[in-house]
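Take a look at the letters that make up each chain.
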Amino acid sequence: MNDFQRDILIGLMFVMGILGFLSGEFIVSTLMFAIAAIFSNIILNRKLHTYSK
């Protein structure tokens, strides 16, 4: 998966979280925001460790 595909995936999860929040599905929106944040941080940490070596 390249950077563009990862950005699209994270963006879609974020938008799904917003739509879930607006529709009143707070558990779904919380999960989507959490997954997007964790996935984004994992990718960022991998890039930082790869470039620092």
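A few points on the structure.

Quick notes on the rules
- Residues numbered from 1 in each chain as written.
- Predicted model: local features only at pLDDT ≥ 70, side-chain atom pairs only at ≥ 80, totals over all residues.
- Heavy atoms only, no water.
- Phe/Tyr/Trp six-rings, centres within 6.5 Å; stacked < 30°, edge-to-face > 60°.
- Salt bridge = Lys/Arg side-chain N within 4 Å of Asp/Glu carboxyl O.
- Helix = DSSP H or I, 4+ residues; strand = E, 2+ residues; numbered from the N terminus.
- Buried < 20%, exposed > 50% of the residue type's maximum accessible area, 1.4 Å probe, protein only.

**Some details on the packing of aromatic side chains**
Alright, step 1. Enumeration according to the criterion identifies 2 aromatic pairs in this entry.
Alright, step 2. Centre to centre, the rings of F21 and F26 are 5.4 Å apart; their planes meet at 70 degrees, and the pair counts as edge-to-face.

**Considerations on the pattern of salt bridges**
Alright, step 1. If you walk through the whole model with that rule in mind, you get 1 salt bridge.
Alright, step 2. Residue D3 is joined to R6 by a salt bridge in which the shortest nitrogen-to-oxygen separation is 3.3 Å. In this pair, D3 and R6 both sit in helix α1 (residues 3-22), 3 residues apart, roughly one turn of the helix.
Alright, step 3. For R6, a relative accessible area of 24% gives the class partly exposed.

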